[in-house]
Amino acid sequence: MQDDPDPTVTKATLITKWTAQQNALAQKLIFEDQGLSFSVEGKSTDATLDGTDYDTPAAWVEDLSQIQVEGLHYVGGLDISFVDNSLDETASNTAAERNHLVLNNATTSNEPDAYATMVVLEFPSLKLVHEITEAVHLTVPYIPSFLAYREAPAYLSLLSSLRAKLKEANKSQEFPQILLVDGNGRLHTRQAGSACAIGWESGIPTFGVAKNYLPTHSWDHTAPIDKASKGGHWRETQNGMRKTAQEHLVRPGSWFGLFGNKPDANHPRPEYTGAAVLPPGKAKNPIFVSTGHRISLCTAIRLTLVLSRTRIPEPVRLADQISRQAVRDASKRREGNGHAEGKSKKQ
């Protein structure tokens, strides 16, 4: 999922091309457990997928003490931090940004635009055993709902680097059996978010964990993301989702389903494409879990819960922490180089 940059390509052309590619990808993805090298069992209220809880969510509860994981030894986490984070899928973008191809590059062409990190944690100890961080030079523009085209190449490069590193150290058995991606999978306007792209391209069971909710209904590439809860359905706004989650998710392990489509004549029984999940601990706001490839939503929810010490599952939290530190370190180096150059000129 990577295109070479072409300055003559218009935004409309890219959207048409990428939309077709993501629609095709969504038809190939497997949103059930398939070929897993481990098993996850638990006890929870069965969720009936009949679309009747679209307006008033049905909150299911996963009993944390009853989640049993067998055969899982290594878990991977992927995250990316941008040098200039003013543009991401949760930010309200300006008219200029929405109507032009925005690369969101760093200050000079020689500087990285982002740092991507992959971590491997041992399970169940959640001990960090491997970490790789790579500088990223972006070659495609930022367009809402197409973030996979910016992130997937970096993540696939990390997976390749990890395989080589483990093979050289005779530790190939420590390659992760499951990947958690900071972002969405099936919970996406075309059911083909970043976690889907990584899962499909790598062949590794993958799911997405997002810190913020992105409404998937009636996506408009020229309109800002609506964070307000006034007007419209609560599922169509970030604030509406936050308020409803706080009302219905009252104990750790509780969750309700998220829909990719509204119930209507064409979708009388819409499926859950993700879930708002209240993690263990004292968190008041949920995280948003969605399957990417070769894993079911139920398994993704249960893994999210057993991998969490705080609101964010440890594989994603640590990858985020390390990639952010890489950005800070790079910023300090640039500032130091600039200060040294200034002193040299004065002399």
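These figures come from a predicted structure and were not determined experimentally.

Definitions and cut-offs
Residues numbered from 1 in each chain as written. Predicted model: local features only at pLDDT ≥ 70, side-chain atom pairs only at ≥ 80, totals over all residues. Heavy atoms only, no water. Helix = DSSP H or I, 4+ residues; strand = E, 2+ residues; numbered from the N terminus. Buried < 20%, exposed > 50% of the residue type's maximum accessible area, 1.4 Å probe, protein only. Pairing = 2+ DSSP bridges. Expected span 1.5 Å × (residues − 1). Contact = heavy atoms within 4.5 Å. Right-handed = clockwise from strand over helix to strand, strands pointing away. Arc of directions from axis to C-beta. Polar contact = N/O pair within 3.5 Å; in protein donor to acceptor, adjacent residues only side chain to side chain. pLDDT = per-residue confidence, 0-100. Salt bridge = Lys/Arg side-chain N within 4 Å of Asp/Glu carboxyl O.

1. Here we look at unusual backbone geometry
Part 1: In this chain, Phe-123 is followed by Pro-124 through a cis amide linkage whose omega measures 15°.
Part 2: Here Pro-124 shows up in the loop between β5 (114-122) and β6 (127-136).
Part 3: A positive phi is found at Asn-170, a non-glycine position, where the angle reads about 55°.
Part 4: On the secondary structure map, Asn-170 appears in the loop between α3 (148-168) and β7 (178-182).
Part 5: Since its relative accessible area comes to 66%, Asn-170 is described here as exposed.
Part 6: One non-glycine residue, Arg-294, lies in positive phi territory at about 65°.
Part 7: Locating Arg-294 in the fold gives a position in the loop between β11 (287-293) and α6 (297-306).

2. Notes on the sheet that holds strand β4 (residues 74-82)
Part 1: Taken together, the 9 strands give an open sheet; going across it, the order is β2-β9-β10-β11-β8-β7-β4-β5-β6, and neighbouring strands pair in mixed fashion. Unpaired on one side and paired on the other, β2 (60-61) and β6 mark the two borders of the sheet.
Part 2: Strand direction decides the pairing type here: β4 and β5, joined by 9 bridges, are antiparallel. Bridge pairing in β5 links Gly-77 to Val-119.

3. Regarding the pairing of β11
Part 1: Counting buried positions along β11 yields 7 of 7 residues, so the element is predominantly enclosed.
Part 2: Where strand β8 (residues 206-210) lies against β11, 5 bridges are found, and the strand directions are antiparallel. The residue bridging Val-209 from the neighbouring strand is Val-289, located in β11.
Part 3: Pairing of strand β10 (residues 272-277) with β11 involves 3 bridges; the strand directions are antiparallel. Bridge pairing links Ala-276 to Phe-288 in β11.

4. Concerning α3
Part 1: Helix length check: α3 (21 residues) gives 30 Å between terminal C-alpha atoms against 30 Å at 1.5 Å per residue, within 8%.
Part 2: Among all positions in α3, only Ala-148, Tyr-149, Arg-150, Glu-151, Ala-152, Ala-154, Tyr-155, Leu-158, Leu-159, Leu-162 and Leu-166 are buried.
Part 3: The inward-facing, buried residues of α3 abut α1 (11-28), β4, β5, β6, β7 and α4 (194-202).
Part 4: At the exit of α3 stands Asn-170, carrying a positive phi of roughly 55°.

5. Quick notes on the pairing of β8
Each regular strand shows side chains that alternate between the opposite faces of the sheet.
Part 1: Extensive coverage of β8 is indicated by the burial of 5 of its 5 residues.
Part 2: Here β8 shows two buried faces, one formed by Thr-206, Gly-208 and Ala-210 and the other by Phe-207 and Val-209.
Part 3: Note: β7 against β8, 4 bridges, orientation parallel. Looking across to β8, one finds that Leu-180 is bridged to Phe-207.
Part 4: A crossover connection joins β7 to the parallel β8 through α4; in handedness this β-α-β unit is right-handed.

6. Examining the side chain of Thr-304
Part 1: You can see Thr-304 is positioned in helix α6.
Part 2: Each residue touching Thr-304, except ones within four places of it in the same chain, is listed here: Phe-207, Val-209, Ile-287, Val-289 and Pro-313.

7. Remarks on helix α5 (residues 238-248)
Part 1: If you check which residues of α5 are buried, you get Gln-238, Gly-240, Met-241, Thr-244 and Ala-245. Seen along its axis, α5 keeps its buried residues to an arc of 160°; they face one direction.
Part 2: Check the buried side of α5 and you find it contacts β9 (254-259) and β11.
Part 3: Capping of α5 at its N-terminal end is provided by Thr-237; its side-chain oxygen lies 2.9 Å from the backbone amide nitrogen of Gly-240.

8. Quick look at the confidence of the model for the chain
Part 1: Here the chain shows a mean pLDDT of 85. Residues at 70 or above account for 79%.
Part 2: Confidence over residues 89-100 falls short of pLDDT 50; this stretch has 36 contacts with residues more than four positions distant or in other chains.
Part 3: Overall, residues 341-347 carries pLDDT values under 50, and its contacts beyond four positions in sequence, including any with other chains, amount to 0 contacts.

9. Regarding the pattern of salt bridges
Part 1: Applying the stated criterion across every chain, the model contains 6 salt bridges.
Part 2: Its salt-bridge partner being Lys-211, residue Asp-182 comes within 2.8 Å of it at the nearest N-O pair. In this pair, Asp-182 sits in strand β7 while Lys-211 sits in the loop between β8 and α5, placing the two residues 29 residues apart along the sequence.
Part 3: A relative accessible area of 15% places Asp-182 in the buried class.
Part 4: Put simply, Arg-317 and Glu-314 hold a salt bridge, and the shortest N to O gap is 2.7 Å. On the criterion of helical spacing, the pair formed by Arg-317 and Glu-314 is a turn pair, its members being 3 residues apart in helix α7 (residues 314-346).
Part 5: Relative accessible area serves as the criterion here: at 27%, Arg-317 is assigned to the partly exposed category.

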